[in-house]
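What follows is each chain in one-letter form.
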Amino acid sequence: MKNKKTHGGLGQLTIPIIALALLVLFNVVRDLIFIYYFKDPNYVSFFSIEFTRNNLDNTVLAGNLISIINGASELAILAMGMTLVTAACGGQDISVGAAAAIAGSVFVKVLKSSSSINGGTVAIAFVSACIVAMLFGSFNGTLVAVFKIQPMIATLILYTCGRSIAYWINGGATPTVNSPIITAIGSFIPGIPIPTPVLIVIAVSLLFKLIFKFTSLELFTQSVGINGSAARLNGINSTFIKLLSFIILGVCVAFSGTIGVSRLGLINHETLLLDIEMDTILAVAIGGNSLGGGKFKIGGSIIGAYVIQMLTITLYAMKVSSTDVKAYKAIVIVLLVVLGSPVVKAKFEKVLSYLGLNRQSISTKGAQ
Amino acid sequence: MKKFRALLLVVVLVISSVLCACGGKSGGNIKVGVVNNPPSESGYREANVKDMEKVFSAENGYDLKTFYSLKNDEQLQAAQGFITEGVDYLLISAAETTGWDDVLKKAKEAGIKVYLFDRMINVDESLYEAAVVSDMAKEGETAVKWLLDQNLPEYNVIHIQGAMGSDAQIGRTGALDEQFASGKMKKVVQQTATWDEAEAKKIVESVINSGEDFNVIYAENDGMAKGAVAALDEAGITHGVDGKVIVMGFDCNKWALRELLSGAWNYDGQCSPFQAQIISDLIKGNKTTSTKKIINEEKGFDATTLTQSDIDTYGLGD
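Residues numbered from 1 in each chain as written. Chains lettered and ligands numbered in written order. Predicted model: local features only at pLDDT ≥ 70, side-chain atom pairs only at ≥ 80, totals over all residues. Heavy atoms only, no water.

So what exactly am I meant to see when it comes to the overall build of chain B here?
What chain B contains, in helices and strands, is 11 helices and 12 strands. Overall, the C-alpha framework of chain B stretches about 70 × 40 × 35 Å when taken along its three principal axes. Within chain B, buried positions represent 55% of all 318 residues. Sequence separation of at least 24 residues holds for 72% of the intrachain contacts in chain B that already meet a minimum separation of 6. Carbon together with sulfur atoms contributes 52% to the accessible area of chain B, which is approximately 13,500 Å² in total. On chain B, the mean spot of the 32 positive side-chain charges and the mean spot of the 47 negative ones are 6 Å from each other. (Helix = DSSP H or I, 4+ residues; strand = E, 2+ residues; numbered from the N terminus. Buried < 20%, exposed > 50% of the residue type's maximum accessible area, 1.4 Å probe, protein only. Contact = heavy atoms within 4.5 Å. Areas by Shrake-Rupley, 256 points an atom, 1.4 Å probe, with all protein chains shown as cover. Lys, Arg positive; Asp, Glu negative; His and termini not counted. Charge placed at Lys NZ, Arg CZ, Asp CG, Glu CD.)

Written out as structure tokens, the structure reads:
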């Protein structure tokens, strides 16, 4: 079992890693063209990273690569949770953006109703946001696990009404919160040059790693996803596992919502993490995970999130109009998804075996 | 379903009118029906709805009925309901500019006077008394004129646009585009962030990372200006009254005006949601108009001259 998993996993990560490598290569070529062909003296390499002093007088890292790993934080965290839901339920939660707006609103509401903003109140606010997001997660989870509603249909409900609920919580369009602590969460902690959201992503992924190491959640989730009834016959409570995956996604939603709010110290219930559900599902797909459930690799989804963000930042660096960015993104993603599809994989392996380069082990397993 | 909803609406309206009649309090009051977009749409709309409720209150001699929806067909049904019920005045901020002919004709036949506010409708002028609207193009012109008055040695502008095609975007973009075309100002980048704060931050970040020089940020609303400023702060670029980069926003949210007052931003253009008083004056005959289209006067605030009382008077939200 163990052996099989590592094999499948390596194969699974090929596509996201190739995608990432292609993007890097593209930017290297672009850099070289600008530096050696156009000889533009003001051109700054896409990969340049430098230390600057920000307006709060902290030394911080800056550059496109920092923008990418920083900007993808919310997406990466959501992608981790979404991977679990996808694996267990064979469907996706399309309400994560709306739920994050709710979580962010709760976070702001609690902060605004407390007399002063300090470490304690921020912690309380986050825990409240977490609880609310978990409640909404379990609402989605109950519909899916207990009432056996298709995940996309079940979460359509919250997708539709979530941002209205977020509005009711604060009753205003764009409430703001100003505090050094919020700035520290959303951008930089004084003395640490790495953006805080990146640190949060690392913490959350470590958390997943620990959970998978010390519990059987990973195995149980996979078995429920592959064959729910078989898992049940083996004594796994598949209803509970599905519900749990939604609740864990709820925690991820709370993290993302909090980061999103803290970045600007403002919540706009209409635009906070708008359309992120689609990017999240894409990250899971680019990560080589089957959207039909079953086996999964969270690492793949995280790389998928960075691929999406790198694509966006690359297009911005090339000054592609942001209205066109979505179209270009779609083209690249179609290519990636088609490349990762079982049909193309099988064809590719056929070609490889024809050339006598085939590694026997992969053959059909990847397709299932 | 739609029929059922319409029926329900009529039933509710009838019941509420019966209840009002029983109360007997609204006897001499002017009956006003307002069809508007819901307050959750934006900070602008929230202030707009509150303003309507404040001006058309019972103390001012009004009997106010409201209906809020983002959907044109629901708005049409509600307007129909108000006509059937027999209001004296009908105030409309339509979700869409088309489809209103029949309803407004019926209103006219029933002797109900119609005022449009905030948004125009594509109908014959004879069908309404007056339209109190904002002139978005003028908002852009005021802002650009202010910018030119700053007499900067050069203008390298990052232009962050709202959702493409929206009235506010078209109006606020127009005046600046003219400057780009004439060569007086240099367009460093012109991107839409579709009113999204986080997207605005990404756009400015990518300009900073490319090492290009800029000294003006022209964001088409307050939220996007805030996103842009967050990027400046992280990169250690000074902004505001004594800073390297001039920051301009629109909408005049209270929090944004406070940024101006602290000197972190330079300019905020008003988009006034306060049409209720003008309409009330017209209804009560305190004011007359020679044209059907009344442009709601709008200001632009400069950080160096802004006062706390301006914030209290003109700021939206809290």
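On we go.
Can you walk me through the overall build of chain A in this structure?
From N to C terminus, chain A includes 15 helices and two strands. For 368 residues, the compact-globule estimate of 2.2 N^0.38 gives 21 Å, and the C-alpha radius of gyration of chain A, at 22 Å, lies within 12% of that figure. Overall size of chain A, expressed as C-alpha extent along the three principal axes, is 65 × 65 × 35 Å. For chain A, buried positions account for 49% of its 368 residues. Taking contacts inside chain A between residues at least 6 apart in sequence as the whole, the part at least 24 apart equals 72%. Counting every atom, chain A has about 17,100 Å² of accessible surface; 69% of that belongs to carbon and sulfur. For chain A, the distance from the average site of its 25 positive side-chain charges to the average site of its 13 negative ones is 13 Å. (Rg over C-alpha atoms; globule rule 2.2 N^0.38 Å.)

Even after reading the chapter, I still don't get helix α12 (residues 276–286) of chain A, so can you show me in this structure?
Owing to its 3.6 residues per turn, the α-helix brings residues three or four apart onto one side. Of all 11 residues making up α12(A), eight are buried, and the element is well covered by its neighbours. Those residues of α12(A) that sit buried are A:I276, A:E277, A:D279, A:T280, A:I281, A:A283, A:V284 and A:I286.

I tried to follow the sheet that holds strand β12 (residues 300–302) of chain B on my own but got confused; where do I start?
Each strand in a sheet pairs with another by means of backbone hydrogen bonds, the pair being arranged parallel or else antiparallel. All names here are of chain B. Read from one edge to the other, the open sheet built from six strands follows the order β7-β6-β8-β9-β10-β12, with strand pairing classed as mixed. In this open sheet, the two edge strands, each paired with only one partner strand, are β7 (186–192) and β12. For this sheet, the mean inter-axis angle between neighbouring strands, taken without regard to orientation, is 15 degrees. In the sheet, strand β9 (residues 246–250) pairs with strand β10 (residues 267–269) via three bridges, with the strands oriented parallel. (Pairing = 2+ DSSP bridges. Axes fitted to C-alpha atoms, helices over the stretch in contact; angles between N-to-C directions.)

So what exactly am I meant to see when it comes to the nonpolar core here?
As a rule of thumb, nonpolar side chains are buried together in soluble globular proteins. In this structure, B:I160 and B:F214 are the most contacted members of the largest nonpolar core, which totals 124 residues. Looking at this core, the element that brings in the most residues is helix α13 (residues 298–317) of chain A, giving 13 residues. Core analysis: the second largest hydrophobic core is formed by 23 residues, B:I92, B:L116, B:L127 and B:Y128 among them. (Core = buried A, V, L, I, M, F, W, Y, C linked by side-chain atoms within 4.5 Å.)

How should the interface of chain B and chain A be read in this particular structure?
Taken residue by residue, the interface counts 37 residues in chain B and 36 residues in chain A. Summed over both partners, the interface of chain B with chain A buries about 2,900 Å², with 48% contributed by carbon and sulfur atoms. Its salt-bridge partner being A:K319, residue B:E212 comes within 3.0 Å of it at the nearest N-O pair. In this assembly, chain B and chain A are joined by 16 residue pairs in polar contact (both at pLDDT 80 or more). Residue contributions to the side of chain B that touches chain A peak at nine residues, all from helix α7 (residues 197–209) of chain B. (Buried area = accessible area lost by both parts, 1.4 Å probe. Salt bridge = Lys/Arg side-chain N within 4 Å of Asp/Glu carboxyl O. Polar contact = N/O pair within 3.5 Å; in protein donor to acceptor, adjacent residues only side chain to side chain.)

Please explain the packing of aromatic side chains as it appears in this structure.
To describe a pair of aromatic rings, you give the distance between the ring centres and the angle between the ring planes. Residue and element names in this part refer to chain A. Under the definition given, this model contains 13 aromatic pairs over all chains. A centroid spacing of 5.9 Å and a plane angle of 65 degrees characterise the contact between F212 and F296, whose relative ring orientation is edge-to-face. Residue F212 is located in helix α8 (residues 196–214), and its partner F296 is located in the loop between α12 and α13; the two are separated by 84 residues in the primary sequence. Taking the relative accessible area as the measure of exposure, F212 reaches 15% and is therefore buried. (Phe/Tyr/Trp six-rings, centres within 6.5 Å; stacked < 30°, edge-to-face > 60°.)

Sorry, what's going on with the confidence of the model for chain A here?
The predicted coordinates of low-pLDDT regions are not to be read in fine detail. Of all residues in chain A, 94% have pLDDT values of 70 or greater, and the mean over the chain is 90. Confidence drops under pLDDT 50 across residues 1–9 of chain A; counting only partners more than four residues distant or on other chains, this segment forms six contacts. (pLDDT = per-residue confidence, 0-100.)

Sorry, what's going on with the packing of helix α5 (residues 119–145) of chain A against helix α6 (residues 151–170) of chain A here?
All names here are of chain A. At a minimum axis separation of 8 Å, α5 and α6 run at an interaxial angle of 155 degrees. Considering the angle they form, α5 stands roughly antiparallel to α6. Relative to α6, the crossing made by α5 is right-handed. Contact residues: α5 offers F136, F139, N140, L143 and V144, while α6 offers P151, A154, T155, I157, L158 and I165. When grouped by side-chain class, the residues that make up the contact of α5 with α6 number nine nonpolar, two polar and no charged. (Parallel < 35°, antiparallel > 145°, perpendicular 65-115°, else oblique. Left-handed = near helix turned anticlockwise from the far one by under 90°. Nonpolar A, V, L, I, M, F, W, Y, C, P; charged D, E, K, R; others polar.)

What should I look at first to understand the pattern of salt bridges in this one?
Pairs can form between side chains of opposite charge whenever their charged atoms are close. Residue and element names in this part refer to chain B. Enumeration over the complete set of coordinates arrives at 17 salt bridges over all chains. Between E199 and K202 there is a salt bridge, and its shortest N-O distance comes to 3.9 Å. Of this pair, E199 and K202 both sit in helix α7, separated by three residues, roughly a single helical turn. For the pair E199 and K202, one class covers both residues: buried. Three or more residues joined by partner-sharing salt bridges are found here, namely R45, D118 and R119.

What exactly am I supposed to notice about a negative patch on the surface here?
A surface patch of negative charge is lined by B:D101, B:D102, B:D124 and B:E125. Along the chain, B:D101 falls in helix α4 (residues 101–109). (Patch = residues over 30% accessible without salt bridge, like charges linked within 9 Å, V, L, I, M, F, W, Y side chains within 5 Å.)

Would you mind showing me how to read the pairing of strand β4 (residues 113–118) of chain B here?
Residues in a regular strand point their side chains to alternate faces of the sheet. Residue and element names in this part refer to chain B. For β4, a buried count of five out of six residues is recorded, marking the element as mostly surrounded by other parts of the structure. Across four bridges, strand β3 (residues 89–92) lies against β4 in parallel orientation. Across the sheet, I92 pairs through a bridge with L116, a residue of β4. Considered for its hand, the β-α-β crossover made up of β3, α4 and β4 is right-handed. Examined bridge by bridge, β4 and strand β5 (residues 130–133) share four bridges and lie parallel to one another. Within β5, the position partnered with L116 by the bridge is A131. (Right-handed = clockwise from strand over helix to strand, strands pointing away.)

Honestly, the state of the cysteines in this entry has me stumped. Any pointers?
Where two cysteines share a covalent bond between their sulfur atoms, that bond is called a disulfide. Scanning the entire structure with this criterion turns up zero disulfides over all chains. We note that A:C130 lacks a disulfide partner, and the nearest cysteine sulfur, in A:C252, lies 9.2 Å from it. Take B:C271: it sits in no disulfide, and the sulfur closest to it among the cysteines is that of B:C252, at 9.1 Å. (Disulfide = S-S within 2.5 Å.)

Sorry, what's going on with the packing of helix α3 (residues 73–89) of chain A against α12(A) here?
Residue and element names in this part refer to chain A. Viewed as axis vectors pointing N to C, α3 and α12 meet at an angle of 65 degrees, and their least axial separation amounts to 8 Å. In this structure, α3 meets α12 at a crossing whose hand is right-handed. Of the residues in α12, those touching α3 at E74, L75, L78, A79, M82, T83 and T86 are I276, D279, T280, I281, A283 and V284. Across the contact of α3 with α12, the residue classes break down as eight nonpolar, three polar and two charged.

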